[in-house]
Amino acid sequence: MGSASSSHRVIYLDVDGRIQKVVFSRFCSPCDIKELLCTALSVPRSTNISLLDASGAMVSIDPTMPHNTERSPYRVVPMTGGQLADKEELFQNVLTQVAEQFSRAFKINELKTEVTNRLAMLEKRVELEGMKVVEIEKCRNNIKKLREEMASRNNSNFLEDNKKLTPRRDVPSYPKYMLSHQTIDALRKPVFDVWLWEANEMLSCLEHMYHDLGLVKDFNINPITLKRWLLCIHDNYRNNPFHNFRHCFCVTQMMYSMICLCSLQEKFTPVDILILMTAAVCHDLDHPGYNNSYQINARTELAVRYNDISPLENHHCAVAFQIFSQPDCNIFSNFDPEAFKQIRQGTITLILATDMARHGEILDSFKQKVDNFDYADEEHVTCVRRLIHYALKMVLIKCCDISNEVRPMEVAEPWVDCLLEEYFMQSDREKTEGLPVAPFMDREKVTKPTAQIGFIKFVLIPMFETAMKLFPQIEEAMVLPLRESRDRYEELKQIDDAMNECFLQVQKKKSENLTMGGKKK
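Since this is a predicted model, take the numbers as computed values, not measurements.

Q: Before we go on, may I ask you to explain the pairing of strand β1 (residues 8-15) in this structure?
A: Regular strands place their side chains on alternate faces of the sheet. Counting buried positions along β1 yields six of eight residues, so the element is predominantly enclosed. Where β1 meets strand β2 (residues 18-25), eight bridges bridge the pair, whose relative direction is antiparallel. Opposite Asp-14, over in β2, you have Ile-19 as the bridge partner. Linking β1 back to β2 in an antiparallel pair, the connection comprises two residues, with Asp-16 at a positive phi of about 55 degrees. Bridge analysis of β1 against strand β5 (residues 74-78) gives two bridges, and the strand direction is parallel. In the sheet register, Asp-14 faces β5, and the bridge partner there is Arg-75.

Q: I keep staring at the packing of aromatic side chains and nothing clicks. Help me out?
A: What describes a pair of aromatic rings is the distance from one ring centre to the other and the angle between the planes of the rings. Enumeration according to the criterion identifies 15 aromatic pairs in this entry. Where Phe-192 meets Trp-197, the ring centres are 5.5 Å apart and the plane angle is 5 degrees; that geometry is what we call stacked. With respect to class, Phe-192 is no different from Trp-197; both count as buried. A ring pair is formed by Phe-321 and Phe-340, whose centres lie 6.2 Å apart and whose planes are at 80 degrees; its orientation type is edge-to-face.

Q: Teacher, can you tell me more about the sheet that holds β1 here?
A: Two pairing modes exist for strands in a sheet, parallel and antiparallel, and in both the strands are linked by backbone hydrogen bonds. Spatially, β2-β1-β5-β3-β4 is the arrangement adopted by the five strands of the open sheet, whose pairing is mixed. Edge positions in the open sheet fall to β2 and β4 (58-59), since each of these has one partner strand only. Sheet topology note: the strand β3 (residues 49-52)/β5 ladder contains four bridges and is antiparallel. Bridge pairing links Ser-50 to Val-77 in β5.

Q: Would you take a moment to explain unusual backbone geometry for this structure?
A: Glycine aside, negative phi is the norm for most residues, and most peptide bonds take the trans geometry. In this structure, Asp-16 takes a positive phi of about 55 degrees despite not being glycine. Mapping Asp-16 onto the fold places it in the loop between β1 and β2. We classify Asp-16 as exposed; its relative accessible area is 80%. For Arg-299, which is not glycine, the phi torsion reads 55 degrees and is therefore positive.

Q: Whenever I open this one, the side chain of Arg-407 confuses me. Can you help?
A: Its place among the elements puts Arg-407 in the loop between α15 (378-401) and α16 (409-433). Buried and without a salt bridge, Arg-407 has Asp-193 as its closest oppositely charged side chain, separated by 7.5 Å. Polar side-chain contacts of Arg-407 include one of 3.2 Å to the backbone oxygen of Pro-190. What Arg-407 contacts, discounting residues up to four positions off in sequence, is Pro-190, Phe-192, Val-194, Cys-250, Gln-253, Met-254 and Ala-412.

Q: Please explain the layout of surface pockets as it appears in this structure.
A: Where empty space is left can be seen by rolling a probe of water-molecule size over the atoms. By volume, the largest pocket is sized at about 990 Å³. Elements represented by at least two residues in the lining of the largest pocket include exactly α10 (292-297), α12 (311-324), α16 and α17 (448-468). Split by residue class, the lining of the largest pocket holds 21 nonpolar, 14 polar and seven charged.

Q: Could you clarify how one ought to interpret the pattern of salt bridges in this entry?
A: Two side chains with opposite charge may pair up if their charged atoms get near one another. Under the definition given, this model contains 18 salt bridges. Of the charged contacts in the structure, one is a salt bridge between Glu-207 and Lys-227, with a shortest N-O distance of 3.2 Å. Residue Glu-207 is located in helix α5 (residues 199-212), and its partner Lys-227 is located in helix α7 (residues 223-235); the two are separated by 20 residues in the primary sequence. Judged by relative accessible area, Glu-207 falls into the buried class, the value being 5%. Judged by its relative accessible area of 10%, Lys-227 falls in the buried class. Its salt-bridge partner being Glu-475, residue Arg-483 comes within 3.9 Å of it at the nearest N-O pair. Under the relative-accessibility criterion, Arg-483 is labelled partly exposed at 22%. Look at Glu-475 and you get partly exposed, because its relative accessible area is 35%. What you see here is one network of salt bridges that share partners, running through Glu-413, Asp-417 and Lys-448.

Basis of the calculations
Residues numbered from 1 in each chain as written. Predicted model: local features only at pLDDT ≥ 70, side-chain atom pairs only at ≥ 80, totals over all residues. Heavy atoms only, no water. Buried < 20%, exposed > 50% of the residue type's maximum accessible area, 1.4 Å probe, protein only. Helix = DSSP H or I, 4+ residues; strand = E, 2+ residues; numbered from the N terminus. Pairing = 2+ DSSP bridges. Phe/Tyr/Trp six-rings, centres within 6.5 Å; stacked < 30°, edge-to-face > 60°. Lys, Arg positive; Asp, Glu negative; His and termini not counted. Salt bridge = Lys/Arg side-chain N within 4 Å of Asp/Glu carboxyl O. Polar contact = N/O pair within 3.5 Å; in protein donor to acceptor, adjacent residues only side chain to side chain. Contact = heavy atoms within 4.5 Å. 1 Å grid on protein atoms, 1.4 Å probe; cavity = no way out; pocket = protein on both sides within 12 Å on 5 of 7 lines; lining within 4 Å. Points joined across faces, edges and corners; volume = space filled by probe spheres on them. Nonpolar A, V, L, I, M, F, W, Y, C, P; charged D, E, K, R; others polar.

Functional significance is not addressed by these values, which are geometric in nature.
Rendered as structure tokens:
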């Protein structure tokens, strides 16, 4: 039964109820066996057939198919068109998937080849130029050091991170601080303690000021834009010892307290109030911690750009309006071009007025205008309102900018320490670079009392007393604290002088004793 010869196989078929014996070589192809089975079935050789065993399971048509007997013959079943179509579709799907897999494999290989080729080209270029990896890294480090030296020398790294000028879109991103009634009341007074607040709380206080003064409502300022603007302002103040965001808040809070104390909303237009507040917020933007004297003497980029004319103040203005140029930070977006021009000119004028080199010029001009001026005289007010308001606004921002000594001693004195720290940083640098050093900034020559007495006596008190002629209510709140501060520092100076005198006497006595001892020998 198929074992007579090892090179042949025998199977049995059930053809219409009769048993058909089929013999074929072990070396026949599946196609030859299929044609042989078609002949046994008396159907065309091209007919697609299936081979089923006694259990109905399909049997593979090839030389290795299992043995069977006459009692368990295979059944040959011709396949219909539908079955063929299904199998053909299945086969086509399989072919498609295989083709896709090959395509992906080829694409990956192509990508790998392209990357390999590019890397080879880069490596060849590096090799040709004689720049090994270590040399490239060394070159990068040298460039980095050179940039740092240039930035240190020229102080030209202003706004090097352009992201600072990009408004934040995740507003409100500072936690909203809910102001208590006590805080709201204190915020209106010059005695407000600016050291008690974190950055997000100061931002909330600034936001409150704009709402409380009616600026948001009067000028239809988008509250979200106001938040974005304040956040961008915060980001563009540097972490200097003195000229930082807390100083910005301090000056703006003093401006707010003067507006409230002097009832300036009754004397100025809402646009004037908006200019006063906005100039206070922006007046020291991106301050580098080194004053105009350093900028000019060191011939920095800012000094060259602004021809030695108030280089820092011009820079503060430029940064302020760079921020306003961002639509998401433009709190003036609802102003028509002419109104915006007025806002811009007014803000620039006030910020430029904070240059202390112009102090005498501005104060003298204001004194001339303020003599015999009386707000109670309506006719007089109408006549000179424009001139007096122009000069008064400059004096107001100057008062606020240098108003720390108006505050209680425990609030004011830390600011002196911060300012001296910044002064000493500058004078140390000036000595290193061979530049002129101002005596009041030299750590070897200045003390806290000597630094403050002259400033309070000859700058602060005369300016606030001049403003007092228009606003008598500031005498008790501001001028008296200044006089008390002057007296306190004069007492400290007397103590320092006495201690120095005692020290000199002791040193002199020691020197005399040493001299007498030498003569006796």
